[in-house]
Amino acid sequence: MEFEWQDETNLKTRQVCQAIATHPRTGEMVWFNQAHLFHISNLKTEVRNSLLSVLKEEDLPRNALYGDGSKIETSVIEEINQIYQQESVTFSWQEGDILMLDNMLAAHGRKPFIGDRKVLVGMAEPYCAS
């Protein structure tokens, strides 16, 4: 990760991450990034407009770009989001349910919920892209 102090209080960071990865067991090429979450188009319109009224786009606190620094088109992010929607699986949780998944083969959602829950996470065989 690169960093640059803009002034005494503002730190700008930059990181180039992979878009895909090779699954360590199956050898499959998998989508393995969060560009669609960090892209400016993912902000609520009023938040985006407010930020852009005081900052240049390159100075936003978060955004996602192509690896060469060029802008990812909003239409590309919209297509990625549509694919996530098409591939999503939802179900009603029952008390005592346990979900186990391979985080490289299945993305986990962030849909709102009502009620109490206890989240325990166990991770094994960490994967580091090279």
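This text follows the structure it describes.
These lines cover the structure that appears in this document, whether it is placed above or below. Keep in mind it's a predicted model, so treat the numbers as computed, not measured.

Another point: the overall build of the protein. Counting secondary structure elements, the protein contains three helices and four strands. In the protein, the succession of α and β elements from N to C terminus is β-β-β-β-α-α-α. A compact globule built from 130 residues should have a C-alpha radius of gyration of about 14 Å, whereas the protein, at 18 Å, is more than 25% larger. Considered along the principal axes of its C-alpha atoms, the protein spans approximately 50 × 40 × 35 Å. Looking at the protein as a whole, 12% of its 130 residues are labelled buried.

Listed in full, the five residues of the largest apolar core are Ala35, Ala64, Ile72, Ile77 and Ile80. With residues near it in sequence (within four places) discarded, Ala64 still touches Ala35, Phe38, His39 and Ile72.

Next up on the list: the packing of aromatic side chains. Using the criterion set out here, one finds one aromatic pair in the structure. Taking the centre distance of 5.0 Å and the plane angle of 50° together, the rings of Phe91 and Trp93 count as tilted.

Right, let's get into the pattern of salt bridges. In total, this model carries two salt bridges according to the counting rule given. A salt bridge links Asp59 to Lys12, with the nearest nitrogen and oxygen atoms 3.7 Å apart. Pair noted here: Asp59 is in the loop between helix 2 (45–54) and helix 3 (74–87) and Lys12 is in strand 2 (residues 11–14), with a separation of 47 residues, a long-range link.

In this fold, His36 is placed in helix 1 (residues 35–38). For His36, a relative accessible area of 6% translates into the label buried. With sequence-adjacent residues up to four places away left out, His36 is seen in contact with Trp31, Asn42, Ile77, Ile80, Asn81 and Tyr84.

The subject of this paragraph is the side chain of His23. Structurally, the position occupied by His23 is in the loop between strand 3 (20–22) and strand 4 (29–31). Residues within four places of His23 in sequence aside, it is in contact with Glu28, Asp102, Met104 and Leu105.

Here strand 1 (residues 2–5) pairs with strand 2 via four bridges, running antiparallel. The partner of Phe3 across the bridge, within strand 2, is Thr13. What sits between strand 1 and strand 2 in their antiparallel hairpin is a turn of five residues.

Roughly 1,300 Å³ of internal volume is contained in the second largest pocket. In this structure, the second largest pocket is lined by 39 residues; those nearest its centre are Arg14, Gln15, Asn63, Ala64 and Leu65. Counting residues per element, the lining of the second largest pocket draws most heavily on strand 2, which supplies four residues. For the lining of the second largest pocket, the per-class residue count stands at 20 nonpolar, 10 polar and nine charged.

Rules of the game
- Residues numbered from 1 in each chain as written.
- Predicted model: local features only at pLDDT ≥ 70, side-chain atom pairs only at ≥ 80, totals over all residues.
- Heavy atoms only, no water.
- Helix = DSSP H or I, 4+ residues; strand = E, 2+ residues; numbered from the N terminus.
- Rg over C-alpha atoms; globule rule 2.2 N^0.38 Å.
- Buried < 20%, exposed > 50% of the residue type's maximum accessible area, 1.4 Å probe, protein only.
- Core = buried A, V, L, I, M, F, W, Y, C linked by side-chain atoms within 4.5 Å.
- Contact = heavy atoms within 4.5 Å.
- Phe/Tyr/Trp six-rings, centres within 6.5 Å; stacked < 30°, edge-to-face > 60°.
- Salt bridge = Lys/Arg side-chain N within 4 Å of Asp/Glu carboxyl O.
- Pairing = 2+ DSSP bridges.
- 1 Å grid on protein atoms, 1.4 Å probe; cavity = no way out; pocket = protein on both sides within 12 Å on 5 of 7 lines; lining within 4 Å.
- Points joined across faces, edges and corners; volume = space filled by probe spheres on them.
- Nonpolar A, V, L, I, M, F, W, Y, C, P; charged D, E, K, R; others polar.

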